[in-house]
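So the chains spell out like this:
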Amino acid sequence: MSTTYVTPFTFSDFATNCYICHSDGETVIVDASCSTEKEASEIVNYVNANNLSVRHLLLTHAHIDHILGCNTLAKQFGLSWQAHRDTSIWLTGAPTQALLYGIRLMQPPKVSNWLDEGDIVQFGNAQWRVLHTPGHAPGSICFVDDANDFVIVGDVLFNQSVGRTDLPGGNMGTLMESIFQKLFMLPDNTLVYSGHGPPTTIGAERRHNPFLV
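Draft legend 1. Just the sheet that holds strand β1 (residues 5-11), in detail. Strand order in this open sheet of six strands is β1-β2-β3-β4-β5-β6, and the pairing throughout is mixed. Both edges of this open sheet fall to β1 and β6 (113-114), since each of them pairs with a single strand only. When strand β4 (residues 53-58) meets strand β5 (residues 81-83), the two strands line up parallel, connected through two bridges. Across the sheet, residue L57 finds its bridge partner in β5, namely W81. Along the sheet, helix α1 (residues 37-49) contacts β1, β2 (16-23), β3 (26-30) and β4; its crossing angle with β1, the most-contacted strand, is approximately 165°.

Printed below as a string of structure tokens:
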């Protein structure tokens, strides 16, 4: 079995996690939370220092804090982003969304491939399953690495918390379905890499998360 290595970077005033995950020389970048050239250069420097080839650019969802660096990274690596189709309304309205937070943002590039439940993302010797997990945001998806016992969940589930549902398209009942019917079907030892904060495990959240017990 080939190991998939996960390296988190925390960027912007939103303290949003961006993940570089690599297997056998190929890598994916999950969520473009870098908001400045300096932050983007940390990603580029890591890729170059480890002699990695970027295979995919992936979005868990398209809230503003996860897409700040979409243009920069797409241009840098010559790739388009991949996301769930239901994120399209957020991507189309990204400049307006940004202005609500006092941020100027150019229109992100078009998505090259729409991902959905059951799709497989391949890079190196890694194979990730896509889970469709709405509730926090339309089009939220998670990436499951069964061979290495981890899942990247965006803002669906956190260490001792869950995603907010008060933004347009959010729904607490839908979020609970995504967590209990999708994420909690994974083994207890599955590492959970969230969009904010430190990692946790499925078992720890099943037993101790105050929103879920």
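From this point, the narrative continues.
Draft legend 2. Fine view of the pairing of strand β13 (residues 191-194). Note: strand β10 (residues 150-154) against β13, four bridges, orientation parallel. Bridging from a neighbouring strand, G154 pairs with S194 of β13. Inspection of the sheet shows β13 paired to strand β14 (residues 200-201) by two bridges, in the antiparallel sense. Bridging from a neighbouring strand, L191 pairs with T201 of β14.

Draft legend 3. Here's a closer look at the pattern of salt bridges. Scanning all chains against the criterion turns up six salt bridges. Across the pair D146 and R129 runs a salt bridge whose closest N-O atoms are separated by 2.6 Å. On the criterion of sequence distance, the pair formed by D146 in the loop between β9 (141-145) and β10 and R129 in strand β8 (residues 126-132) is long-range, its members being 17 residues apart. The exposure class assigned to R129 is partly exposed, which follows from its relative accessible area of 31%. As a salt-bridge pair, R164 and D166 come within 2.6 Å of each other at their nearest N and O atoms. Here the salt bridges do not stand alone but share partners, grouping D188, R206 and R207 into one network.

Draft legend 4. The environment of G163, seen in detail. Locating G163 in the fold gives a position in the loop between β12 (161-162) and α6 (172-181). Take G163: its relative accessible area is 2%, and that puts it in the buried class. Put simply, G163 and T201 are 38 residues apart on the chain and 16 Å apart in space, counted from C-alpha to C-alpha. Every residue in contact with G163, bar those within four places of it in the chain, is listed here: H136, D155, V156, F158 and L175.

Draft legend 5. Expanded view of the nonpolar core. Core analysis: the largest hydrophobic core is formed by 32 residues, its most contacted members being I29, I43, I67, L73, F77 and W81. In terms of residue count, α1 provides more of this core than any other element does, five residues in total. For F77, the contacting residues outside a window of four places in its chain are I29, I43, V44, V47, V54 and L57.

Draft legend 6. Expanded view of α6. Within α6 the residues assigned to the buried category are L175, M176, S178 and I179. Seen along its axis, α6 keeps its buried residues to an arc of 160°; they face one direction. Those residues of α6 that are buried are in contact with β11 (157-158) and β12.

Draft legend 7. Layout of the sheet that holds strand β7 (residues 120-123). A sheet is described by the order of its strands in space; here six strands give the open sequence β7-β8-β9-β10-β13-β14, paired in mixed fashion. For this open sheet the edge positions go to β7 and β14, each flanked by a neighbour on one side alone. Here β7 pairs with β8 via four bridges, running antiparallel. When the bridges of β8 are listed, F123 appears paired with A126.

Cut-offs used in this document
- Residues numbered from 1 in each chain as written.
- Predicted model: local features only at pLDDT ≥ 70, side-chain atom pairs only at ≥ 80, totals over all residues.
- Heavy atoms only, no water.
- Pairing = 2+ DSSP bridges.
- Helix = DSSP H or I, 4+ residues; strand = E, 2+ residues; numbered from the N terminus.
- Contact = heavy atoms within 4.5 Å.
- Axes fitted to C-alpha atoms, helices over the stretch in contact; angles between N-to-C directions.
- Salt bridge = Lys/Arg side-chain N within 4 Å of Asp/Glu carboxyl O.
- Buried < 20%, exposed > 50% of the residue type's maximum accessible area, 1.4 Å probe, protein only.
- Core = buried A, V, L, I, M, F, W, Y, C linked by side-chain atoms within 4.5 Å.
- Arc of directions from axis to C-beta.

These figures come from the coordinates and say nothing about function on their own.
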